[in-house]
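# Tertiary structure, described
As a plain string of letters, each chain reads:
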Amino acid sequence: MNRYDCFELLAPLIKDQLVVGSLSGQRVEWGHLCPYEGNLLVASMGAALGIGIGLALVLPHRKVIVLESDGSLLLSLYNLPTLGNLNPSNLAVFVFDNEVYSGTRISEPTATAGNTDLAAVARGCGIPQATVVRDLDFFRSEARKALEENLLHFIVCKVDKTTGHRQIQRSTEDLWEHKYRFVRYLERTEGKQIFLGRG
Amino acid sequence: MEPELAQRIVDGLRDAGIGFVSYLPETRLSQILPLMREDPSLMVVPVANESEGVSIAAGASLGGRPAAVYMEGSGVYVSSYNLLVVGKRLGVPMLLVVAYYGSTMDNRNSFLYAYPGIHLVPLLDSLGIQYEVLEDANQLEQKIKSAVRMMHAIKQPVALLFTGEYTV
């Protein structure tokens, strides 16, 4: 199973959900496959899940999807006890675990290439429904459930090491432009002002 | 800190429009915690790490609920990467309510706190984060309002550093 194939299955399911992504090839691939106003692809490791939790808490009527990676989640494991205690029912977390830190020139193993099982860590933090997906058919059914059910989902997707994202043209949109696009989309769909000029 | 002063901080946050607070508990301003939890206009979320406090507050802020992170001065060190790449680089308004331990005005200062206290303001300067040091209760509400107004204006974190009278 590879990440791009998972994204090809996930993208058609996106309607008005909010999608928070982290860094790495997944940002490039998701942005390419699903160039959607409800994306907030923050381009840093260790922040996407926290941002997704915050969005889910203040917008309980919206489904929030977080696209994480093994490297990013390992950098922010402190999110898991908080997630287990808050248990936001409108949050679906996908961790695309390719067991490597994959940069433009490196593929160095992460802890999940060794003995670390992120789903087991999540279960230990109070997310008993955390599961591992290893094939596309199971991914398809788990993704549908995660988007349809009003229940916290935490899905570790074991994916192959791939470098296809290196061939995809990068967006020229900078992060402030990206953020404004997301916030204006939220303002329009929520019918409220988010950015206040004067406080 | 006098109980009345703790209540004024919480009232000031609410009246300035803050609706969400993530926090990692600490000692000096801790009287505000039960008051915040009792205030129905505030969503109060405990976290395990101040970096997480920053990212969760960022999500709340971008979701339309003006947010604060309450932390000890040590939390600014712990969360500095997220303050830079989420708070500054992405540009997300949030108020940092910081117990300024180890300052020269810290009534509980000791060898444990002085070094992190000495480097806190240079750290905020290096991050380019606007801050105000509060040593007494004079104009407390106005200072909170001004900081919140600034965070909305620049869409970045702004810090209030509480020391002196607040650390008794």
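Our structure's up above, just so we're on the same page.
In short, a report on the structure. Remember, predicted model here, so these are calculated numbers, not experimental data.

A few words on the overall build of chain B. Helix and strand counts for chain B come out as 7 helices and 6 strands. For 168 residues, the compact-globule estimate of 2.2 N^0.38 gives 15 Å, and the C-alpha radius of gyration of chain B, at 14 Å, lies within 12% of that figure. Dimensions of chain B, computed from C-alpha atoms along their principal axes, come out at roughly 40 × 35 × 30 Å. Relative to all contacts within chain B whose residues are 6 or more apart in sequence, the contacts with residues 24 or more apart total 75%.

The next thing to look at is the overall build of chain A. What chain A contains, in helices and strands, is 8 helices and 8 strands. A globule of 199 residues ought to have a C-alpha radius of gyration of about 16 Å, and chain A, at 16 Å, matches this closely. Viewed in the frame of its principal axes, chain A has a C-alpha envelope of about 50 × 40 × 30 Å. Sequence-distant contacts in chain A: of pairs separated by 6 or more residues, those separated by 24 or more amount to 71%.

Let's shift gears to the nonpolar core. Grouped burial of nonpolar side chains is what soluble globular proteins tend to show. Of all hydrophobic cores here, the largest spans 109 residues; its most connected members are B:A68, B:L95, B:V98 and B:L160. Counting residues per element, this core draws most heavily on helix 3 (residues 48-58) of chain A, at 8 residues. Sequence-distant contacts of B:V98, defined by excluding residues within four places in its chain, comprise B:M71, B:G73, B:V76, B:A159, B:L160, B:L161 and B:F162.

All names here are of chain A. Within strand 4 (residues 91-97), 7 of the 7 residues are buried, leaving the element largely enclosed by the surrounding structure. By the alternation rule, side chains of strand 4 split into L91, V93, V95 and D97 and A92, F94 and F96, which are all buried. Across 6 bridges, strand 3 (residues 64-69) lies against strand 4 in parallel orientation. Directly across from I65, in strand 4, lies its bridge partner A92. Here strand 4 runs beside strand 8 (residues 153-158); their pairing, made up of 6 bridges, is parallel. Residue V95 lies in a different strand from strand 8, and its bridge partner there is V156.

Before going further, it helps to examine the sheet that holds strand 1 (residues 18-21) of chain A. Residue and element names in this part refer to chain A. Pairing in this open sheet of 6 strands is parallel, and the strands run 2-1-3-4-8-7 from one edge to the other. The two strands at the open ends of the sheet, each matched to only one other strand, are strand 2 (39-41) and strand 7 (131-133). With direction set aside, neighbouring strand axes in the sheet form an average angle of 20 degrees. The sheet contact formed by strand 1 and strand 2 spans 3 bridges and is parallel.

Our focus in this paragraph is the sheet that holds strand 4 (residues 94-99) of chain B. Residue and element names in this part refer to chain B. Across the sheet, 6 strands lie side by side as 2-1-3-4-6-5; this open sheet has parallel pairing. With partners counted over all chains shown, the strands left at the sheet margins are strand 2 (43-46) and strand 5 (130-134), one partner each. If you compare each strand with its neighbour and ignore which way they point, the axes differ by 20 degrees on average. The sheet contact formed by strand 1 (residues 20-23) and strand 3 (residues 67-72) spans 4 bridges and is parallel. Bridge pairing in strand 3 places V21 opposite A68. Running at roughly 160 degrees to strand 6 (residues 157-162), helix 7 (residues 140-154) makes contact with strand 4, strand 5 and strand 6 of the sheet.

Take the packing of helix 3 (residues 50-62) of chain B against helix 5 (residues 80-91) of chain B next. All names here are of chain B. Relative to each other, helix 3 and helix 5 sit at 15 degrees, their axes nearing to 8 Å. Considered as vectors, helix 3 and helix 5 are oriented roughly parallel to each other. In the packing of helix 3 onto helix 5, the handedness of the crossing is right-handed. Residues S51, V54, S55 and A58 of helix 3 touch helix 5, and the partners they reach there are Y81, N82, L83, V86 and G87.

This part is about the interface of chain B and chain A. Listed by partner, the interface residues are 29 residues for chain B and 32 residues for chain A. It is helix 3 of chain B that contributes the most residues to the side of chain B that touches chain A, 9 residues altogether. The residue inventory of the side of chain B that touches chain A, partitioned by class, reads 14 nonpolar, 10 polar and 5 charged.

Conventions we followed
- Residues numbered from 1 in each chain as written.
- Chains lettered and ligands numbered in written order.
- Predicted model: local features only at pLDDT ≥ 70, side-chain atom pairs only at ≥ 80, totals over all residues.
- Helix = DSSP H or I, 4+ residues; strand = E, 2+ residues; numbered from the N terminus.
- Rg over C-alpha atoms; globule rule 2.2 N^0.38 Å.
- Contact = placed C-beta atoms within 7 Å.
- Core = buried A, V, L, I, M, F, W, Y, C linked by C-beta atoms within 7 Å.
- Buried ≥ 20, exposed ≤ 12 C-beta atoms within 10 Å, placed from the backbone.
- Pairing = 2+ DSSP bridges.
- Axes fitted to C-alpha atoms, helices over the stretch in contact; angles between N-to-C directions.
- Parallel < 35°, antiparallel > 145°, perpendicular 65-115°, else oblique.
- Left-handed = near helix turned anticlockwise from the far one by under 90°.
- Nonpolar A, V, L, I, M, F, W, Y, C, P; charged D, E, K, R; others polar.

Read these as layout, nothing more, since geometry by itself doesn't imply function.
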